[in-house]
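# Coordinates in review
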Amino acid sequence: DQQVKQNSPSLSVQEGRISILNCDYTNSMFDYFLWYKKYPAEGPTFLISISSIKDKNEDGRFTVFLNKSAKHLSLHIVPSQPGDSAVYFCAAKSGIIQGAQKLVFGQGTRLTINP
Amino acid sequence: AAGVIQSPRHLIKEKRETATLKCYPIPRHDTVYWYQQGPGQDPQFLISFYEKMQSDKGSIPDRFSAQQFSDYHSELNMSSLELGDSALYFCASSFLAEAFFGQGTRLTVV
């Protein structure tokens, strides 16, 4: 039962354009969502997060949008840079208090930025 | 800034041997998570600890055990290793909502 789904295994974007990575979830108890970037053989690097009380969170070139009614979130990267090429994981959890639930990951989307 | 430290970074073991993976969380983080990532797969949750007590358990085989010590570091013990245990093992620590990952331990079982 895949509770967090990233339906696009890969995405190719031209440098300077916008990259949009999508994520859907099924568990309505999830109330905190995170995006991680991962290079091969390295640990995931935290990028940006959003609480379910918000619908948008922005940090530099990265913006995460949350549509609770559709159980959908997306990560926008503008402008895309070659160093953004990596695998991006969406993750979700229920309860943001300490020691609360585990992070549930999506399958990842491999983003390639073309010069 | 201090990050999550995992050791060793690489480990090669034979079938039926035992392996111990260590995780040192970011200072003042009280929660540790363990994940396993097989080739071409997304990270799968194994187990987590909060304030030295097990807080959640995922798809962790009975051959595996883990604990969090008084200094908050955690160890994942894996016995009777099988070829299918070959994977990247990640540890993450958190204090509030965000979890930060270590570089991982690549375990190869031959």
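Scope of this entry: the structure provided in the associated data block. (Residues numbered from 1 in each chain as written. Chains lettered and ligands numbered in written order. Predicted model: local features only at pLDDT ≥ 70, side-chain atom pairs only at ≥ 80, totals over all residues. Heavy atoms only, no water.)

## A word on the overall build of chain A
Along the backbone of chain A there are zero helices and 11 strands. For chain A, the N- to C-terminal ordering of α and β elements is β-β-β-β-β-β-β-β-β-β-β. Compactness check: chain A gives a C-alpha radius of gyration of 14 Å against a globular reference of 13 Å for 115 residues, within 12% of the reference. Its C-alpha atoms give chain A principal-axis dimensions of roughly 40 × 30 × 25 Å. Relative to its full complement of 115 residues, chain A shows a buried share of 47%. By sequence separation, contacts in chain A at least 24 residues apart represent 55% of the contacts at least 6 residues apart. (Helix = DSSP H or I, 4+ residues; strand = E, 2+ residues; numbered from the N terminus. Rg over C-alpha atoms; globule rule 2.2 N^0.38 Å. Buried < 20%, exposed > 50% of the residue type's maximum accessible area, 1.4 Å probe, protein only. Contact = heavy atoms within 4.5 Å.)

## Observations regarding the state of the cysteines
Residues and elements named next belong to chain A. Applying the stated criterion across every chain yields a total of two disulfides over all chains. For Cys23, the disulfide goes to Cys90, at an S-S distance of 2.1 Å. On the sign convention where negative means left-handed, the S-S torsion of about -70° between Cys23 and Cys90 marks this disulfide as left-handed. Taken together, the residues span a long stretch of sequence, with Cys23 in strand S3 (residues 19-25) and Cys90 in strand S9 (residues 86-93) at a distance of 67 residues. Owing to a relative accessible area of 0%, Cys90 belongs among the buried residues under this scheme. (Disulfide = S-S within 2.5 Å.)

## Digging into the pairing of S9 of chain A
Residue and element names in this part refer to chain A. Counted residue by residue, S9 has eight buried out of eight residues, so it is predominantly covered. As paired elements, strand S4 (residues 32-38) and S9 share seven bridges and run antiparallel to each other. Counted as the bridge partner of Phe33 is Ala92 from S9. When S9 meets strand S11 (residues 109-114), the two strands line up antiparallel, connected through three bridges. Bridge pairing in S11 places Val87 opposite Arg110. Pairing between S9 and strand S10 (residues 104-105): two bridges, direction antiparallel. Of the residues in S10, the one forming a bridge with Ala91 is Phe105. (Pairing = 2+ DSSP bridges.)

## Some points on the sheet that holds S3 of chain A
Residue and element names in this part refer to chain A. Overall, antiparallel pairing links the five strands, which are arranged S1-S3-S8-S7-S6 in an open sheet. The outermost strands of the open sheet, each flanked by one partner alone, are strand S1 (4-5) and strand S6 (56-59). Across four bridges, the pairing between S6 and strand S7 (residues 62-67) is antiparallel. Within S7, the residue paired with Asp59 across the bridge is Phe62.

## Notes on the pattern of salt bridges
Residue and element names in this part refer to chain B. One pass over the structure, following the stated rule, counts four salt bridges over all chains. A salt bridge links Lys22 to Glu75, with the nearest nitrogen and oxygen atoms 3.9 Å apart. Residue Lys22 is found in strand S3 (residues 19-24), and its partner Glu75 is found in strand S8 (residues 74-78); the two are separated by 53 residues along the sequence. Exposure remark for Lys22: the relative accessible area of 30% places this residue in the partly exposed category. We note a salt bridge from Arg63 to Glu82, for which the minimum N-O separation is 3.4 Å. Of this pair, Arg63 sits in the loop between strand S6 (53-57) and strand S7 (64-68) while Glu82 is found in the loop between S8 and strand S9 (87-94), placing the two residues 19 residues apart along the sequence. One salt-bridge network, held together by shared partners, links Arg63, Glu82 and Asp85. (Salt bridge = Lys/Arg side-chain N within 4 Å of Asp/Glu carboxyl O.)

## Remarks on the interface of chain A and chain B
Taken together, the contact between chain A and chain B spans 23 residues of the former and 24 residues of the latter. Summing both partners gives a buried area of about 1,900 Å² for chain A against chain B, and 57% of it is carried by carbon and sulfur. Applying the counting criterion to the chain A and chain B interface returns zero salt bridges. Here chain A and chain B share five residue pairs in polar contact (both at pLDDT 80 or more) between them. Top element by residues in the side of chain A that touches chain B is S4 of chain A. It accounts for four residues. Considered class by class, the residues forming the side of chain A that touches chain B number 11 nonpolar, eight polar and four charged. (Buried area = accessible area lost by both parts, 1.4 Å probe. Polar contact = N/O pair within 3.5 Å; in protein donor to acceptor, adjacent residues only side chain to side chain. Nonpolar A, V, L, I, M, F, W, Y, C, P; charged D, E, K, R; others polar.)

## Side note on the sheet that holds S8 of chain B
Residues and elements named next belong to chain B. In spatial order, the strands read S1-S3-S8-S7; together these four strands make up an open sheet with antiparallel pairing. The outermost strands of the open sheet, each flanked by one partner alone, are strand S1 (5-7) and S7. Direction aside, neighbouring strands of the sheet carry axes that sit 15° apart on average. Of the strand pairs in this sheet, S3 and S8 are connected by five bridges, and their pairing is antiparallel. Residue pairing for S8: Ala19 is matched across the bridge by Met78. (Axes fitted to C-alpha atoms, helices over the stretch in contact; angles between N-to-C directions.)

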